[in-house]
Amino acid sequence: MSNQKTAAPGGSVQVTDDQIAERAYHIWQSKGCPDGDDGEANWRAAKAELEAECSGGACGSDGAAAPKVGGLIGFFRSLRQRAAM
């Protein structure tokens, strides 16, 4: 997974894959870390939340809605790879 950016609704602010991964991880944790969860629904929910926050002005000028955490990226990369199998 890269630090690829996704355009928010309206096209003004962008959210990175790193930001989505961290938010999706927190969503997964809030559900009690269920086994067998491929993370796809959490990823979509995280992306929607971040885009809504950023379009509402909650992001900084650089579009940063959440700090980067490297370990989370690897975690969600492995979940997405397992789901693709």
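The structure presented is a predicted model; accordingly, all values stated were derived computationally and were not measured.

Trainee: Help me out: how do you make sense of the overall build of the protein in this one?
Mentor: When helices and strands are tallied, the protein shows 3 helices and 2 strands. Across the protein, helices and strands are ordered from the amino to the carboxyl terminus as β-β-α-α-α. Out of the 85 residues in the protein, the part that is buried amounts to 35%. Residue pairs at least 24 apart in sequence account for 59% of intrachain contacts in the protein once pairs closer than 6 positions are excluded. Counting every atom, the protein has about 4800 Å² of accessible surface; 50% of that belongs to carbon and sulfur.

Trainee: Can you help me understand the environment of Glu 51 in this one?
Mentor: Along the polypeptide, Glu 51 turns up in helix H2 (residues 40-55). Taking the relative accessible area as the measure of exposure, Glu 51 reaches 11% and is therefore buried. In the structure, Glu 51 is positioned 31 residues away from Ile 20 in sequence and 9.5 Å away in space, judged by C-alpha atoms.

Trainee: For this particular structure, what's the right way to read H2?
Mentor: Because an α-helix packs 3.6 residues into every turn, residues spaced three or four apart end up facing the same way. Under the 1.5 Å per step criterion, the end-to-end length of H2 is 22 Å for 16 residues, consistent within 8% with the ideal 22 Å. Among the residues of H2, Asn 42, Trp 43, Ala 46, Leu 50, Glu 51 and Cys 54 are the ones counted as buried. Angularly, the buried residues of H2 cover 160° about the axis, an arc narrow enough to put them on a single face.

About the thresholds
Residues numbered from 1 in each chain as written. Predicted model: local features only at pLDDT ≥ 70, side-chain atom pairs only at ≥ 80, totals over all residues. Heavy atoms only, no water. Helix = DSSP H or I, 4+ residues; strand = E, 2+ residues; numbered from the N terminus. Buried < 20%, exposed > 50% of the residue type's maximum accessible area, 1.4 Å probe, protein only. Contact = heavy atoms within 4.5 Å. Areas by Shrake-Rupley, 256 points an atom, 1.4 Å probe, with all protein chains shown as cover. Expected span 1.5 Å × (residues − 1). Arc of directions from axis to C-beta.

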